[in-house]
Amino acid sequence: MVNIQNIILSFRDKPGGIIEAFHAVQKEYNYLPEETIAVAAGTFGISEAQAFGVATFYSYLSVAKRGKYVIRMCESAPCHIAGAEALIKAFEEALEIKVGETTADGKFTLELTECVGQCQDTPVITINSVPYVNLDPAQVPAVLALCQ
Amino acid sequence: MTEEKRIVLRNADLINPKKIEDYMQAGGYQGLEKARLMSRSDLIAEIKKSNLRGRGGAAFNCGLKWSFVPTDAPVSYVVCNFDEGEPGTYKDRIIVQKDPQSLLEGMAICGHAVNSKQGYIYCRGEYPYVVELLNLAIDQARGKGLLGDFDIEVRMGGGAYVCGEETALIESIEGHRGEPRFKPPFPGVAGLWAQPTVVNNVETFANLPSIVLNGPEWFAAIGAPNYPGTKVLTLTGDVANRVSIEVPTTATLREIIYDFGGGIKEGKKFKAVQVGGTSGGFIPESLLDTPIDFDSMRGIGATLGTGAVFVMDETRDIVDITTRIAKFFEHESCGKCNPCREGTFRAYEIMKKINNGKAVAQDIENLTILSQVMEKACLCGLGQAAPAPILTTLKHFYPEYQARLQIH
Ligand SMILES: Cc1cc2nc3c(=O)[nH]c(=O)nc-3n(C[C@H](O)[C@H](O)[C@H](O)COP(=O)(O)O)c2cc1C
Ligand code: SF4
Ligand code: FES
C-alpha cells in the first residue's frame with residue numbers, strides 16, 4: 001500500500017486539496033487511518049481539530065476502520081418504497097451484523113446512505129462505490145459471492 | 001401529445017462520449033467559437049435575452065447572474081454544480097455520461113463571458129466513475145487546444161447534501177466543512193477564495209452551446225415564455241417506465257407520467273407525485289394538468305426543483321414516506337443554524353410519533369407551526385425547503401394523517 005504521507009503530500013500544492021487528499025487515502029485504505037488527520041493537518045497548515053472537523057463532516061469519508069468491501073444501502077424515498085428495508089434486513093442476516101458494523105473477519109462493512117443517483121432501478125446498493133441496482137433480498141447471497 | 005425535444009441531450013446515444021471527435025463532428029465547439037467572437041457584454045446580453053433560467057432549482061436568470069461579476073475583476077471562477085444530491089435525481093449524471101463535452105463547452109462559454117481562466121466541476125463523491133470520464137473529456141479538449149487559456153479541474157464532494165447549496169459548495173472546494181455562508185456577499189461578488197464566482201448547474205451549462213449557436217430568440221420561443229427551453233426529468237417510483245426525458249417546459253405532469261412514463265405500474269391507480277426531489281411538494285391527481293415550468297409549479301405550491309418526478313401509486317403510505325423524508329433532512333442538516341438543526345430533529349420526532357400511531361391532534365398543530373417557522377427562519381434552502389413535503393402532504397392528504405391519530 002502507498003504510504004499515507006506520500007499520498008497526502010502529493011496534494012500539498014492544490015488549494016483546498018485536503019478533501020481530495022482524504023479521497024485518495026480512502027481509495028487506498030477504504031477509510032482514513034488515524035495518522036491521516038495529523039499528516040493532513042501538518043501538510044495543509046491547519047489544526048488537527050480542523051482536519052478532523054473536515055473529515056467527519058462528509059458522510060462519504062470514514063474515520064472508523066471499515067471492511068474490505070463497504071456495502072452502502074440507499075434509503076432515500078424512491079429506494080424506501082422499493083423495499084430498501086427488506087434488503088437491509090437480508091444483508092444483516094446474511095452477514096450476521098447490524099448496519100454500521102463490520103464483520104469479524106474484516107471483509108464487509110454495512111452502511112446506510114442517501115440517494116446515490118441510480119434511482120431509475122431501485123432499490124440500489126453500492127459496493128465500494130460501484131452501484132448494484134434492482135435488487136431483491138433473494139439476490140443477496142449472489143451479490144455477496146461477487147466479493148472475493 | 002407533447003413530443004420530446006432535445007437540446008441538452010441532443011447528442012445522447014448518437015455519439016461516443018469518450019471521443020471528442022464525435023462531438024466535433026456533431027457541431028461541437030462551434031458555439032464557443034462564436035461566443036469568442038463576441039464582446040463579453042454582448043455575450044451576456046444574448047444569454048440574458050434567451051431567458052435561460054438556472055436548472056439547479058432556483059431558476060435564476062443565467063445571464064443576469066453572470067452580469068454581477070465585476071468587469072474589472074482580475075481573477076474570477078466558473079464553478080459547475082454537479083453535486084446532484086437531491087434524492088430521485090440523476091439527470092446531471094445522464095447528461096455528463098452521454099455528452100461530457102457539451103458541459104465543458106458551456107463552461108468555457110461562461111468563462112469567456114466573465115473573463116475567467118479557471119473552472120471547477122464539483123462532482124458528488126458517489127460518482128467516481130463519472131469523474132474518470134470527465135477527466136478524460138477535459139484531457140481531450142485541452143489536447144486539442146479547444147479550451148484556450150481556460151482550464152477546468154474536477155473536485156469530488158463527500159456525500160453531504162448541503163454541499164449542493166452554492167456557498168456550501170464553495171466552502172467545500174476550499175477544503176472546509178461544507179457549511180453555507182451568510183449572503184450577501186453573493187458568489188458573483190465574493191465567492192471562491194473571495195473572488196467573483198459564477199455557480200451554475202450542469203444542465204444550465206449544457207444548454208449554452210446551442211443557445212449561442214442558434215441565437216436567444218430560438219431558445220426563448222421553445223416551451224413556456226417565462227421559463228423557456230426544455231427540462232431534463234427523471235422518473236422514479238411507481239411509473240411503468242422509469243426513464244429520463246427532455247421535454248419542452250410546457251409539458252404537463254399528466255403527459256409526463258402517462259405519455260412518457262407509461263402510467264402507473266401494474267395497472268394500479270395514481271396517488272401522488274413529488275416533483276423536484278425530496279425537498280419538493282407532493283401533488284395530488286387534481287393538479288396533474290399543471291405544466292412543469294417553474295412558475296406554474298410555484299403556482300400550485302410545488303417546485304420544479306431538479307426535475308425529479310417521484311410517482312406513488314394508490315397503495316403507498318404517504319405518512320410513512322414523509323417520515324422517511326423527515327429523517328433525510330434531520331440527517332443532512334449541517335447544524336449551523338438553530339431553526340434547522342433543532343427544527344429538522346423535532347419534525348422527524350413528531351413525524352415518527354404520527355407514523356407510529358402515537359400522536360394527537362396537537363402534534364399536527366405543533367408540526368405545522370414548526371414548519372412555518374423553519375420556512376422563514378432557516379439560513380439556507382435546505383432548512384427552508386425541508387417542511388415542504390410535510391406541509392403539502394398535510395394539505396392534500398390530510399385524511400391519511402387523521403387516520404393515524406390517537407382518539408381520546
Ligand atoms: C440544500 C441545497 C442543495 C442544492 N443542491 C443542488 C445540486 O445538487 N445541484 C445544483 O445544481 N444546485 C443545487 N442547489 C442550488 C444551488 O444553490 C444553486 O442555486 C445552483 O447551483 C445555481 O445554478 P443554476 O442557476 O444554474 O441553477 C441546492 C440548493 C440547496 C439549498
Ligand atoms: S438551514 Fe440547515 S443546512 Fe442550512 S445552514 Fe442552517 S443548519 Fe445548515
Ligand atoms: S433513491 Fe436510491 S439511488 Fe436514488
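Conventions we followed
Residues numbered from 1 in each chain as written. Chains lettered and ligands numbered in written order. Predicted model: local features only at pLDDT ≥ 70, side-chain atom pairs only at ≥ 80, totals over all residues. Heavy atoms only, no water. Axes fitted to C-alpha atoms, helices over the stretch in contact; angles between N-to-C directions. Helix = DSSP H or I, 4+ residues; strand = E, 2+ residues; numbered from the N terminus. Left-handed = near helix turned anticlockwise from the far one by under 90°. Contact = heavy atoms within 4.5 Å. Nonpolar A, V, L, I, M, F, W, Y, C, P; charged D, E, K, R; others polar. Buried < 20%, exposed > 50% of the residue type's maximum accessible area, 1.4 Å probe, protein only. Pairing = 2+ DSSP bridges. Near = heavy atom within 4 Å. Polar contact = N/O pair within 3.5 Å; in protein donor to acceptor, adjacent residues only side chain to side chain. Areas by Shrake-Rupley, 256 points an atom, 1.4 Å probe, with all protein chains shown as cover. Domains from an automatic or database assignment. Buried area = accessible area lost by both parts, 1.4 Å probe. Salt bridge = Lys/Arg side-chain N within 4 Å of Asp/Glu carboxyl O.

1. Considerations on the packing of helix H5 (residues 91-98) of chain B against helix H7 (residues 128-143) of chain B
Residue and element names in this part refer to chain B.
Phase 1 of the analysis: As a packed pair, H5 and H7 sit with axes 10 Å apart at the nearest point and diverge in direction by 35°. For the crossing formed where H5 meets H7, the hand is left-handed. The segment H5 lies against H7, with Arg93, Val96 and Gln97 engaging Tyr129, Val130, Leu133 and Leu134.
Phase 2 of the analysis: Considered class by class, the residues forming the contact of H5 with H7 number five nonpolar, one polar and one charged.

2. Quick look at unusual backbone geometry
Phase 1 of the analysis: Note the cis peptide between Thr122(A) and Pro123(A), where omega equals -5°.
Phase 2 of the analysis: Its place among the elements puts Pro123(A) in the loop between strand S2 (108-113) and strand S3 (125-127).
Phase 3 of the analysis: That bond from Pro184(B) to Pro185(B) is cis: its omega, 5°, falls within 30 degrees of zero.
Phase 4 of the analysis: Along the chain, Pro185(B) turns up in the loop between helix H8 (166-173) and strand S4 (197-201).
Phase 5 of the analysis: Even without glycine at this site, Tyr29(B) takes up a positive phi of about 70°.
Phase 6 of the analysis: Tracing the chain through its elements places Tyr29(B) in the loop between helix H1 (20-25) and helix H2 (30-36).
Phase 7 of the analysis: The class for Tyr29(B) is buried, based on a relative accessible area of 4%.

3. Let's talk about the sheet that holds strand S7 (residues 230-237) of chain B
Residues and elements named next belong to chain B.
Phase 1 of the analysis: Reading across from one edge, S8-S7-S11-S9-S10 is the order of the five strands in this open sheet, with mixed pairing throughout. Each having just a single partner strand, strand S8 (244-248) and strand S10 (282-284) make up the two edges of the open sheet. Direction aside, the axes of adjacent strands within the sheet are offset by 30° on average.
Phase 2 of the analysis: As paired strands, S7 and strand S11 (residues 308-313) are joined by four bridges and run parallel to one another. Bridge assignment links Gly237 to a residue of S11, and that residue is Val311.

4. Topic: the environment of Tyr348(B)
Residues and elements named next belong to chain B.
Phase 1 of the analysis: Of note, Tyr348 is situated in helix H14 (residues 338-355).
Phase 2 of the analysis: Here Tyr348 falls in the buried class, since its relative accessible area comes to 16%.
Phase 3 of the analysis: Sequence separation of Tyr348 and Phe328 is 20 residues, and the distance between their C-alpha atoms is 8.8 Å.
Phase 4 of the analysis: Setting aside residues up to four positions removed in sequence, Tyr348 forms contacts with Thr323, Ala326, Lys327 and Glu330.

5. Considering H8(B)
Residues and elements named next belong to chain B.
Phase 1 of the analysis: Where burial is concerned, most of H8 is hidden: seven out of the eight residues are buried.
Phase 2 of the analysis: Along H8, the positions that sit buried rather than exposed are Thr167, Ala168, Leu169, Ile170, Glu171, Ser172 and Ile173.
Phase 3 of the analysis: Looking at the residues trailing H8, positive phi occurs at Gly175, about 90°.

6. As for the site of ligand 1
All names here are of chain B.
Phase 1 of the analysis: Neighbouring residues of ligand 1: 18 residues in total, closest Gly56, Asn81, Asn200, Asn201 and Thr204.
Phase 2 of the analysis: Contacts to ligand 1 include Glu166, whose backbone N or O atom sits 3.0 Å from an oxygen atom.
Phase 3 of the analysis: When ligand 1 is considered free in solution it has 610 Å² of accessible area, and contact with the protein chains removes 89% of it.
Phase 4 of the analysis: No other element matches S4, which puts three residues into the shell around ligand 1.
Phase 5 of the analysis: Looking at the shell around ligand 1 residue by residue, the class counts come to three nonpolar, nine polar and six charged.

7. Concerning the domain arrangement of chain B
A common way to express how large an interface is: the accessible area buried when the components associate.
Residue and element names in this part refer to chain B.
Phase 1 of the analysis: Looking at chain B, the domain boundaries give domain 1 (20-221), domain 2 (224-313) and domain 3 (318-404).
Phase 2 of the analysis: For domain 1 and domain 3, the distance between their C-alpha centres works out to 34 Å.
Phase 3 of the analysis: Each partner contributes to the interface: domain 1 provides 11 residues, whereas domain 3 provides eight residues.
Phase 4 of the analysis: Summed over both partners, the interface of domain 1 with domain 3 buries about 840 Å², with 75% contributed by carbon and sulfur atoms.
Phase 5 of the analysis: The interface formed by domain 1 and domain 3 includes zero salt bridges.
Phase 6 of the analysis: Along the contact surface separating domain 1 from domain 3 lie two residue pairs in polar contact (both at pLDDT 80 or more).
Phase 7 of the analysis: Residues of the side of domain 1 that touches domain 3, tallied by class, amount to six nonpolar, two polar and three charged.

8. As for the sheet that holds strand S1 (residues 77-82) of chain B
Residue and element names in this part refer to chain B.
Phase 1 of the analysis: In space, the four strands of this open sheet follow the order S3-S2-S1-S4, with parallel pairing throughout. If you trace the sheet from one side to the other, it starts and ends with strand S3 (151-156) and S4, each paired once. Taking each pair of neighbouring strands and ignoring which way they run, the sheet shows an average axis angle of 20°.
Phase 2 of the analysis: Inspection of the sheet shows S1 paired to S4 by five bridges, in the parallel sense. Note on S4: the bridge partner recorded for Val79 is Val199.
Phase 3 of the analysis: Contacts between H7 and the sheet are confined to S1, strand S2 (118-123) and S3, with S3 contributing the most and set at about 170° to the helix.
Phase 4 of the analysis: With respect to the sheet, helix H9 (residues 202-214) is in contact with S1 and S4, its orientation differing from that of S4 by roughly 90°.

9. Details of the pairing of S1(B)
All names here are of chain B.
Phase 1 of the analysis: Of all six residues in S1, six are buried, a share of seventy percent or more.
Phase 2 of the analysis: Of the two faces of S1, the one holding Tyr77, Val79 and Asn81 and the one holding Val78, Cys80 and Phe82 are both buried throughout.
Phase 3 of the analysis: Relative to S2, S1 runs parallel, the two being bridged by six bridges. Note that in S2 the partner of Cys80 across the bridge is Ile121.

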